[in-house]
Amino acid sequence: MQQLNKDSFTIRPSEIRDARELIVLDNMIWTEDTTPGPLTWRSREDYLLHAPPGSQLVALQDGELCGYVGFGCPSGMESNRHVCEVNIAVHPRFQRMGIGRRLIEAIKSHAAENGIRKLRLRVLSCNEPALAFYRKCGFVEEGRLREEFYLGGRYVDEVFMSCMLNGGNEDGSHFA
């Protein structure tokens, strides 16, 4: 197993120059076992419309993009601005090295600093490694939609998980 070089490991907000590598990572990670439908980007510009610079924190090892955590408000409603929905992907070559956990820690800090009180995510019930990972990171199941998707010849639940943070204000402050 490869070791993480902590001296050359960084997490920073995504930039326009990351788009190509992020698209490649999405195509690699988001499969029938991890998402209910294929992610297809018509172009780099299409990707950037859906995931603009700064809407993700990217992890780099020796300058190579090895993972990301995306984040955003789940709705346009002011009353929901204290909640942030996240999604995470780590390149298979860099999995099981602690990168995912460091990305989750980074988004928890970033969110709390920006007044977010709750992180939420969705995961397929067939994705046991992801469910276990999220639980280790402090997420708990809030609910599930039973047999929500038919994937790979079987019915799969969609699981909703969340993690409460210490951030947020009574006025529902949100990301700047």
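The text that follows walks through the structure, step by step, so that each part is easy to find.

Cut-offs applied
Residues numbered from 1 in each chain as written. Predicted model: local features only at pLDDT ≥ 70, side-chain atom pairs only at ≥ 80, totals over all residues. Heavy atoms only, no water. Helix = DSSP H or I, 4+ residues; strand = E, 2+ residues; numbered from the N terminus. Polar contact = N/O pair within 3.5 Å; in protein donor to acceptor, adjacent residues only side chain to side chain. Buried < 20%, exposed > 50% of the residue type's maximum accessible area, 1.4 Å probe, protein only. Pairing = 2+ DSSP bridges. Axes fitted to C-alpha atoms, helices over the stretch in contact; angles between N-to-C directions. Contact = heavy atoms within 4.5 Å. Core = buried A, V, L, I, M, F, W, Y, C linked by side-chain atoms within 4.5 Å. Phe/Tyr/Trp six-rings, centres within 6.5 Å; stacked < 30°, edge-to-face > 60°.

Quick word on the environment of Ser-14
Argument step 1. Along the chain, the position of Ser-14 falls in the loop between β1 (9-13) and α1 (19-29).
Argument step 2. Separated by ten residues in sequence, Ser-14 and Val-24 have C-alpha atoms that sit 15 Å apart.
Argument step 3. A distance of 2.9 Å separates a polar side-chain atom of Ser-14 from the backbone nitrogen of Gly-54.

Quick look at the environment of Gly-152
Argument step 1. Structurally, Gly-152 can be placed in the loop between β6 (140-151) and β7 (154-164).
Argument step 2. For Gly-152, a relative accessible area of 52% puts it in the exposed group.
Argument step 3. On a C-alpha basis, the gap between Gly-152 and Lys-136 in space is 27 Å, while along the polypeptide they are 16 residues apart.

Some details on the sheet that holds β1
Argument step 1. Read across the open sheet, the seven strands follow the order β1-β2-β3-β4-β5-β7-β6; overall the sheet is mixed. Single-partner strands in this sheet number two, and they are β1 and β6. With strand direction ignored, the average angle separating the axes of adjacent strands in the sheet is 25 degrees.
Argument step 2. Two strands pair when backbone bridges link them, and strand β5 (residues 118-124) and β7 are joined in this way by seven bridges, in the antiparallel orientation. Residue pairing in the sheet places Lys-118 in a bridge with Met-164 of β7.
Argument step 3. Across the face of the sheet, helix α3 (residues 99-113) comes into contact with β1, β2 (56-61), β3 (64-72), β4 (83-90), β5 and β7 while running at roughly 160 degrees to β4.

Some details on the nonpolar core
Argument step 1. In this structure, Val-86, Ile-99, Leu-119, Val-123, Tyr-134, Phe-139 and Met-161 are the most contacted members of the largest nonpolar core, which totals 31 residues.
Argument step 2. Of all elements in the fold, only β2, β3, β4, α3, β5, α4 (128-136) and β7 reach the threshold of two or more residues within this core.
Argument step 3. Ignoring anything within four residues of it in the chain, the contact list for Met-161 reads Leu-119, Arg-120, Leu-121, Val-123, Leu-131, Tyr-134, Arg-135, Phe-139, Val-140, Glu-141 and Glu-142.
Argument step 4. The next biggest cluster of nonpolar side chains, apart from the first, holds 14 residues, and it includes Ala-19, Leu-48, Leu-60 and Tyr-68.

Focus: the packing of aromatic side chains
Argument step 1. Scanning the model with the defined rule gives four aromatic pairs in all.
Argument step 2. Geometrically, the ring pair formed by Tyr-134 and Phe-139 is edge-to-face, given 5.9 Å between the ring centres and 65 degrees between the ring planes. The burial state of Tyr-134 is the same as that of Phe-139; both residues are buried.
Argument step 3. By way of ring pairs, the aromatic residues Phe-133, Tyr-134 and Phe-139 are connected into one cluster.

Geometry only, nothing functional implied.
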